Amino acid sequence: MTSTDAIFGTYRADENGLSRYSDQWTAVDLRRRIMDMGESKSHRPATICSHVSLLQRMTAVAPALSLPWPAEDLWPGKSAREVSEYAELSTQAVPPQIWFPLIRAAWAFVHTFAADIFRADRRYQELRDAAQKSVVGKDAELDTWLADQNNTVPVHYEPDRPAGQVPGVNWRLMALNLGVWAERHGALFSPGPRSTARRRAKVLQAVADGRVTHQGLIEDLAEVTRPDGSTGPWHLGIDPYDLHRLRIMLRNAAFTLVVGFLMMRDSEIQEIVRGSVVEHYNSPAIASTLRKGNSSLPRKHWWIAEPVAEAIAVAEAVSVHPDRVFAPLHRKNDAESLDGVWMMAAFIAFVNQGRSWSGLDEIPDGYVRPHMFRRTMSMLTDQFAGSEIALGMQLKHFATRALANTSTLGYAAADSAWAEHLKDAIEVAKFGKLKELYGLHKVGQPIGFGPGAERVKDAFDQVIANVKARGGDARVEEDLLRKIRITIRFGTLNNCLYDGTNPAGAVCLEDAIIPEGHTGPLDERCRPDRCGNSMIGIEHVPIHDSHRRTQLKLLQTPGLPKCRKELVTRELQRVEAVLDKAKEALG
C-alpha cells in the first residue's frame, strides 16, 4: 500500500485536503471518504459496501500491519451494508452561524466589491500597456510629476507604523505612474546607482512633506460601515499585489455562492464553461455536462436565481481559462483543477483578516466543505411544503426518485442547529406581522373581520389601555405586545387563532379523525367562512374575490355535470359568505 490509489482508485486526495498516502489518514479522514462516495452518487451502494468492508478488515488486522493504521472501529455496531446505505445521510449541514456571514460576504464581493476590482484591473492594464522598460528621460518626467502638487505618492497601508515614521513607498506603483514597467521597480528606483538614489530622494521628500495616498490604482471605492461604526472605503488601497489576491478571492466568492445556492457538486461546478447560463423552459439555468467518467452523458440543466447568474458572470470575467469559468488564474496548465475546500478556506480567512476595513461580519471557525452546502440547501428547501419532489430532481437523484424516497428525504432531514434558527426566525416574522397589525389598529385602520379579528382587537385594546395607565413609551408598548395572550397563525386564506388550551369551536376538528400524535388545527379542513377562530385579513379579501370569480366562470361551463355543479355552487356560497362579511365590516 503506497498511496490512496491502492484503496480508493482514482480518488484525488490532494483535492480534498488529504495526504496522498492513505496510511497517514485518520479515522475521520477515512469516514469522510466514504461519505464523499455516498454523496457523489457516482458509486453504487455495492461499491461503497466493498470499500467499507475493506476498511473494517484493515482495522481488524491493524496491529499486524507494518504501516500505521487507525485501530478504532470506524463505524461501531454497523455492518458494511448499513454504512453503505446511509453514507450520504451522515453529511452535516453548514451551521447557520457560519452559513449566513459566509454567504453575505460572498455576495458583497460579487455584487458590490467586484465593480471596484474590475475597475482597478482595467486601470492596471492601462498602465502596463502604456509602460516601457527604458528609463531614458524619466528624470525630467519625475520632476514634472512632482511639480504638480495634485500628484501624491502611493504608499503602503501600515496600521502598525509608529507615529512620525515615514510610510513605505509603493515603488512598483510609483514607477508605473511614470510609465516604467519592470519586475519590482526595475532601474527607475532600485537602490544602489547614484541616479536612482537621486530619484528616490526626491520621492521620499514628497512623502516627508505629506504628499501621500493609500488609494492605490483607483479612488472612490464603495463605502461600507465598519465594525467600529465608522464609514469608509471597503479596501484601503488596491495596488498590483492586492489586485492579484482580490481577483482570486472574487473567484472564490463566486464559487461559494454557486456551491451555496445551486446544490451542485464541487466537480460539477468546475465543469461549468463559458456561456453556460442559458434559458431553459423560460427560466435562467446553467447547462453543465456531468461527466463522472462518461463524456457521452447529455447536458443537465440547473435552474438558477439572479444572484447565482451574477456570480457566474463575475467568475467568467475573472477567469483566464479559454473555456472553464472556475480555473486557476494562470495559464501554466489548462487542465489543472481547483481545490474547492481550499478556495472556501482561503476566502473565509481573507474575509476575517480584512473585516476591520471591509465591514463584513466575522465568519466563525468550523468545519465547512463544499458538499455540506448541498445538504444545507436541500434541508432548507425541504422546509417548504410540497418541495420534496422538486428537491429530488434538483439534487439529480432521478434513479432514487423513481425507486424510493429514502435518500432525498434523509438528505433534507432537519438539522438541529438550523431547526432552532428557523424557529427563531419564524417567531421574529410572526411578531413583526403582529406589530404591523397593532400599528394599524392603533390609528383606527381596519385589520380584518370575523370572530378571530374581534379577539385580536380586544387584545390590542388591552395593550393600549395598559400603556396609557402606566404612562409608558414605545418600549413598554412593545414589551406588552410580546406578552399578549393570543396565539395566531398567519395563513394564505385567513389567520387562525386556534388556542390549544381551549380548542372548542375549531370547525376543522369537528367530526374529524385526528392523526396519532397530531396537535393543533387541521389546515386542510379549514372553514374561514364559519370558524370561530378565523380572522380574514384585508390582504385575504382579493384572494377570496378571485376564487369567487373562478367559481362563477366554472358554473358557466357548458355541459357541467350536476354533481360537479352542486360542488361548485356550494364552494361559491362559502366564498360569498366570506366576502359578504368583509363588505359589511369594511362598509
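In this text, all values refer to a predicted model and were calculated from it rather than measured experimentally.

Turning our attention to the overall build of the chain. Summing up its helical and strand segments, the chain has 23 helices and 10 strands in all. Looking at the 587 residues of the chain, the share that counts as buried comes to 43%. When the accessible area of the chain is evaluated, it comes to approximately 31,300 Å², of which 52% is carbon and sulfur surface.

With that out of the way, let us pick up the packing of helix α10 (residues 240-262) against helix α13 (residues 340-353). Here α10 crosses α13 at 115°, and the two axes come no closer than 9 Å. It follows that α10 is roughly perpendicular to α13 by the angle criterion. Seen from above, α10 lies across α13 with left-handed handedness. Across from R245, L246, I248, M249, R251, N252, A253, F255, T256 and V259 in α10, the residues of α13 making contact are G340, W342, M343, M344, A346, F347 and F350. Of the residues in the contact of α10 with α13, the class split is 12 nonpolar, 3 polar and 2 charged.

The next thing to look at is the packing of helix α5 (residues 96-130) against helix α12 (residues 306-318). Running from amino to carboxyl end, α5 crosses α12 at an angle of 35°, the nearest separation of the two axes being 10 Å. Along this stretch, α5 crosses α12, giving a crossing that reads as left-handed. Where α5 abuts α12, its residues W107, V110, H111, A114 and F118 lie against P307, E310, A311, V314, A317 and V318. Tallied by class, residues from the contact of α5 with α12 come to 9 nonpolar, 1 polar and 1 charged.

Take the environment of K583 next. Relative to the elements of secondary structure, K583 occurs in helix α23 (residues 562-586). Note: C-alpha distance between K583 and F449 (134 residues apart in sequence) is 9.7 Å.

Next up on the list: helix α9 (residues 194-208). If you check α9, its first and last C-alpha atoms are 21 Å apart, about what 15 residues at 1.5 Å a residue would give, namely 21 Å. Of the positions making up α9, those classed as buried are T196, R199, R200, V203, A206 and V207. Viewed along the axis of α9, the buried residues span an arc of 115°, placing them on a single side of the element. Opposite the buried face of α9, by more than 90 degrees, sit the exposed residues R194 and A208. Positioned one or two residues after α9, G210 has a phi angle of 90°, which is positive.

Right, let's talk about the pattern of salt bridges for a bit. This model, assessed by the stated rule, comprises 18 salt bridges. Residue K433 is joined to E539 by a salt bridge in which the shortest nitrogen-to-oxygen separation is 4.0 Å. Taken as a pair, K433 in helix α19 (residues 416-442) and E539 in the loop between β10 (534-535) and α22 (541-555) lie far apart in primary sequence, 106 residues in all. According to the relative accessible area criterion, K433 is partly exposed, its value standing at 24%. On the accessibility criterion, E539 (37% relative accessible area) is partly exposed. For R530, the salt bridge identified is with E510, shortest N-O distance 3.8 Å.

Moving on: the nonpolar core. Counting 70 residues, the largest nonpolar core has F109, W234, F326, F347 and F373 as the members making the most contacts within it. Among the elements of the structure, α5, α7 (171-177), α10, α12, α13 and α15 (370-381) are those that each provide at least two residues to this core. For this core, the element with the highest residue contribution is α5, accounting for 15 residues. Once you skip the residues sitting within four places of it in the chain, F326 turns out to touch R251, A254, F255, V258, I269, Q270, I312, A315 and L338. Counting 18 residues, the second-largest nonpolar core is a separate cluster that includes F431, I447, A453 and M535.

Counted under the stated rule, the structure contains 9 aromatic pairs. Here the aromatic rings of F255 and F326 are separated by 5.8 Å at their centres, their planes lie at 80°, and the arrangement is edge-to-face. Placement of the pair is F255 in helix α10 and F326 in the loop between α12 and α13, with a sequence separation of 71 residues. When sorted by exposure, F255 lands in the same class as F326, which is buried. Counting every residue linked through ring pairs, the aromatic cluster contains F109, F113, W234, F347 and F350.

Moving on to the environment of R485. Among the structural elements, R485 can be located in the loop between α21 (474-482) and β8 (489-490). Expressed as a C-alpha distance, the spacing of R485 and D499, which sit 14 residues apart in the sequence, is 10.0 Å.

Across the chain, pLDDT averages 78, with 78% of residues at or above 70. pLDDT under 50 marks residues 1-11. Its contacts with residues more than four places away, or in other chains, come to 36 contacts. Predicted confidence is poor over residues 384-409, with pLDDT under 50, and the contacts of this stretch with residues over four places away or in other chains come to 43 contacts.

The phi dihedral of D220 falls on the positive side, at around 55°, and the residue is not glycine. Note on placement: D220 falls in the loop between β2 (212-213) and β3 (223-225). Even without glycine at this site, D511 takes up a positive phi of about 55°. For D511, the location among the structural elements is in the loop between β9 (495-496) and β10.

This part takes up empty space enclosed by the protein. If a probe the size of a water molecule is rolled over the atoms, the empty space left behind becomes visible. The final tally for this structure, using the stated rule, is 2 cavities of 30 Å³ or more. Taken as a whole, the second largest cavity holds about 40 Å³ of empty space. For the second largest cavity, the full set of lining residues is F109, F350, V351, G354, R355, W357, S358 and L360. For the lining of the second largest cavity, the secondary-structure elements that each account for two or more residues are α13 and α14 (355-358). In terms of residues, the lining of the second largest cavity owes the most to one element, α14, which gives 3 residues. Classifying every residue of the lining of the second largest cavity gives 5 nonpolar, 2 polar and 1 charged.

Conventions and cut-offs
- Residues numbered from 1 in each chain as written.
- Predicted model: local features only at pLDDT ≥ 70, side-chain atom pairs only at ≥ 80, totals over all residues.
- Heavy atoms only, no water.
- Helix = DSSP H or I, 4+ residues; strand = E, 2+ residues; numbered from the N terminus.
- Buried < 20%, exposed > 50% of the residue type's maximum accessible area, 1.4 Å probe, protein only.
- Areas by Shrake-Rupley, 256 points an atom, 1.4 Å probe, with all protein chains shown as cover.
- Axes fitted to C-alpha atoms, helices over the stretch in contact; angles between N-to-C directions.
- Parallel < 35°, antiparallel > 145°, perpendicular 65-115°, else oblique.
- Left-handed = near helix turned anticlockwise from the far one by under 90°.
- Contact = heavy atoms within 4.5 Å.
- Nonpolar A, V, L, I, M, F, W, Y, C, P; charged D, E, K, R; others polar.
- Expected span 1.5 Å × (residues − 1).
- Arc of directions from axis to C-beta.
- Salt bridge = Lys/Arg side-chain N within 4 Å of Asp/Glu carboxyl O.
- Core = buried A, V, L, I, M, F, W, Y, C linked by side-chain atoms within 4.5 Å.
- Phe/Tyr/Trp six-rings, centres within 6.5 Å; stacked < 30°, edge-to-face > 60°.
- pLDDT = per-residue confidence, 0-100.
- 1 Å grid on protein atoms, 1.4 Å probe; cavity = no way out; pocket = protein on both sides within 12 Å on 5 of 7 lines; lining within 4 Å.
- Points joined across faces, edges and corners; volume = space filled by probe spheres on them.

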